[in-house]
Amino acid sequence: MHQTFQQSVIDAFRANAGTVGGPFESTDLILLTTTGARSGKPHTTPLGYVRDGRRLLVVASGLGAPLHPDWYRNLLAHPAVRVELGGGTYDCLAVPAEGARRDELFARVVAEAPGYADHQEATDRVLPVVVLELPGPDPAAPPVRSLADKLVEVHTWLRGQLRHVHDETEAHFAARAGRTGGGGEPPSPGLGLQIRQRCLAFCQALEFHHTAEDGHMFPAMEDHHPHLRDVFDRLRHEHRAIGAVQSALAALLADAAVAEPDRFRSELARMTDKLTAHLDYEEEHLLPLLAEVPWPPAAPGARTA
């Protein structure tokens, strides 16, 4: 899609709550914003999709081009993406389907949009099917009224994502153990894309969180609480130690399939131990200091009652 025409589609989508005319008048479209694999900059692409419950299925077809489109390579490097659907915007995890599940989902897509079958026939590559799961509302989530509440919300998300990665990894190893011996299918040599994508997104979100704390939150708090300098020094030291584990995990996640699952499992256990202790210590010392700081912060110049 030519860049100027693509931008006109994006502008029309945003101006009309997802309704686009012209050649896309009867097409279900989303805007998918990925982070550039090399540039680190956001890139927005209009894409057709097929809905499957709360999941959106998109195909990296490129109209049958010989190479994967840029947006697909981007999401392999940065699995956290933003989806604009109608008038709503959602942060999602992008997970390409694998093996039999990919074939099943591709058949599901073709049943609604037969043109993708033509795209597959036009190329030798297997067209990836990417699953985007829309987040549902969490009625049990407590309201966020202070910076302490916000910190707990972020920490709860990090703990939950780490738990998901751990559970999926253990399920993978259980499946491998079930296939050893006998005449069954040999054990899988690596970890799946779902584990890779979730772990990579978790590591990138954790790095962003710690960078923001080191660069903004901790310096501001130290100015008001100089007697807690040792606490902040310890937290920064733990950030560096956790960063070393993140680097080891990132190296293992460099390929689309994690080639050293046993080492990955060991590094994941090390990350779990270090991060759990770190979050507990941070909450113990910082939450009481942040409980009276309102969230979201007041706009500059805003008057409080």
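Everything that follows concerns the structure shown earlier in this document.
Conventions used here
Throughout, a residue's number is its position along its own chain's written sequence, starting from 1. Restriction of local features to residues with pLDDT of at least 70 applies here, the model being predicted, together with a cutoff of 80 or more for giving and counting side-chain atom pairs; totals for whole chains, interfaces and linings are based on all residues. Water and hydrogen atoms were dropped before computing side-chain values, which therefore reflect all heavy atoms in the structure. The numbering of helices and of strands both runs from the N terminus, where a helix is a DSSP run of H or I of at least 4 residues and a strand a run of E of at least 2. Working definition: with a 1.4 Å probe on protein chains only, accessible area under 20% of the residue-type maximum means buried, over 50% means exposed, and in between means partly exposed. We call two residues contacting when some pair of their heavy atoms lies within 4.5 Å. Cavity: a set of points on a 1 Å grid over the protein atoms alone where a 1.4 Å probe fits but cannot get out. Pocket: an open set with protein on both sides within 12 Å along at least five of seven lines, its lining residues, like those of a cavity, having an atom within 4 Å of a point. Grid points are joined across faces, edges and corners, and a volume is the space filled by probe spheres set on the points. The residue classification treats Ala, Val, Leu, Ile, Met, Phe, Trp, Tyr, Cys and Pro as nonpolar and Asp, Glu, Lys and Arg as charged. All others, Gly included, are polar. Note on geometry: axes are lines fitted to C-alpha atoms, helical ones only across the stretch in contact, with angles between N-to-C directions running from 0 to 180 degrees. Every angle not falling under 35 degrees, over 145, or within 65 to 115 is termed oblique; those three ranges are roughly parallel, roughly antiparallel and roughly perpendicular. Each helix crossing is assigned a hand: it is left-handed if the near helix lies turned anticlockwise from the far helix by less than a right angle, otherwise right-handed if that turn is clockwise. What a helix is expected to span follows from its residue count: subtract one and scale by 1.5 Å. The term bend refers to the angle at a residue between two fitted axes, each drawn through seven residues, those ending there and those starting there. What makes a salt bridge here is a side-chain nitrogen of Lys or Arg within 4 Å of a carboxyl oxygen of Asp or Glu, nothing more. Pairs of N or O atoms are called polar contacts if they sit within 3.5 Å, as long as, within protein, a hydrogen donor faces a hydrogen acceptor (for residues adjacent in sequence, only side-chain-to-side-chain pairs). Whether two strands pair depends on DSSP finding at least two bridges between them. Nonpolar core, defined: a set of buried Ala, Val, Leu, Ile, Met, Phe, Trp, Tyr and Cys residues in which side-chain atoms within 4.5 Å join the residues together.

What follows is about the overall build of the protein chain. Of the regular secondary structure elements, the protein chain holds 8 helices and 7 strands. Looking at the protein chain as a whole, 41% of its 305 residues qualify as buried. Within the protein chain, counting contacts between residues at least 6 apart in sequence, those at least 24 apart form 70% of the total.

Below, the discussion takes up the layout of surface pockets. Of the voids in this model, the largest pocket is the one considered here, and its volume is about 1,800 Å³. Lining the largest pocket are 41 residues, with Asp91, Cys92, Trp157, Gln161 and Ala205 sitting closest to its centre. Mapped onto the lining of the largest pocket, the elements with two or more residues apiece are strand S1 (29-35), strand S5 (80-85), strand S6 (88-96), strand S7 (129-133), helix H5 (147-179) and helix H6 (193-224). Among the elements that take part in the lining of the largest pocket, H5 stands out by supplying 11 residues, more than any other. The residue makeup of the lining of the largest pocket, split by class, is 20 nonpolar, 11 polar and 10 charged. Empty space within the second largest pocket amounts to approximately 1,200 Å³. In terms of lining, the second largest pocket is formed by 42 residues, of which the most central are Gln6, Thr45, Pro46, Leu47 and Trp71. Elements with a contribution of two residues or more to the lining of the second largest pocket: helix H1 (3-15), S1, strand S2 (42-48), strand S4 (55-59), helix H2 (70-77) and helix H4 (115-121). With 6 residues, S2 is the largest single contributor of residues to the lining of the second largest pocket.

Okay, the packing of H6 against helix H7 (residues 229-252) next. Where H6 contacts H7, the two axes come as close as 11 Å, and the packing angle between them is 160°. Considering the angle they form, H6 stands roughly antiparallel to H7. Of the two possible hands of crossing, H6 and H7 adopt the one that is left-handed. Residues Cys199, Cys203, Leu206, Glu207, His210, Glu213, Asp214, Phe218, Pro219, Met221 and Glu222 of H6 form the contact with H7, whose own contacting residues are Arg229, Phe232, Asp233, Leu235, Arg236, His239, Ile242, Gln246 and Leu249. A per-class count over the contact of H6 with H7 returns 10 nonpolar, 3 polar and 7 charged.

Time to look at H6. Between its terminal C-alpha atoms H6 stretches 45 Å, which fits the 46 Å expected from 32 residues at 1.5 Å a residue. Glu213 marks where H6 bends most, by close to 45°.

Glancing now at the pattern of salt bridges. This structure, assessed with the given rule, holds 19 salt bridges. A salt bridge links Arg198 to Glu168; its shortest N-O distance comes to 3.1 Å. One end of the pair, Arg198, is in helix H6; the other, Glu168, is in helix H5, and 30 residues separate them in sequence. With respect to burial, Arg198 and Glu168 carry one shared label: buried.

Before going further, it helps to examine the environment of Asp214. Along the chain, the position of Asp214 falls in helix H6. Among residues more than four places away in sequence, those in contact with Asp214 are Pro219, Arg236 and His239. Among the polar contacts listed, one links the side chain of Asp214 to the side chain of His239, at a separation of 2.8 Å.

Another aspect to go through is the pairing of S6. Relative to S6, S5 is paired through 6 bridges, and the arrangement is antiparallel. If you follow Glu84 over to S6, its bridge partner there is Thr89. Counting the residues between successive antiparallel strands, the hairpin from S5 to S6 contains 2 residues, one of them, Gly86, with a positive phi of roughly 60°. Sheet topology note: the S6/S7 ladder contains 3 bridges and is antiparallel.

With that out of the way, let us pick up the sheet that holds S4. Taken in spatial order, the 7 strands of this open sheet run S2-S1-S5-S6-S7-S4-S3, and their pairing is antiparallel. Either end of the sheet is taken by a strand with one partner, and the two such strands are S2 and strand S3 (50-52). Sheet twist, expressed as the average angle between the axes of neighbouring strands with direction ignored, equals 35°. Along the sheet, H2 makes contact with S1, S2, S4, S5, S6 and S7, crossing S1 at roughly 55°.

Formed by 22 residues in total, the largest nonpolar core has its most connected members in Cys199, Phe202, Leu206, Phe264, Met271 and Leu275. For this core, the secondary-structure elements that each account for two or more residues are H5, H6, H7 and helix H8 (261-290). Per-element accounting of this core gives the leading share, 6 residues, to H6. Dropping the residues within four chain positions of it, Cys199 is found in contact with Val165, Leu249, Leu253 and Phe264.

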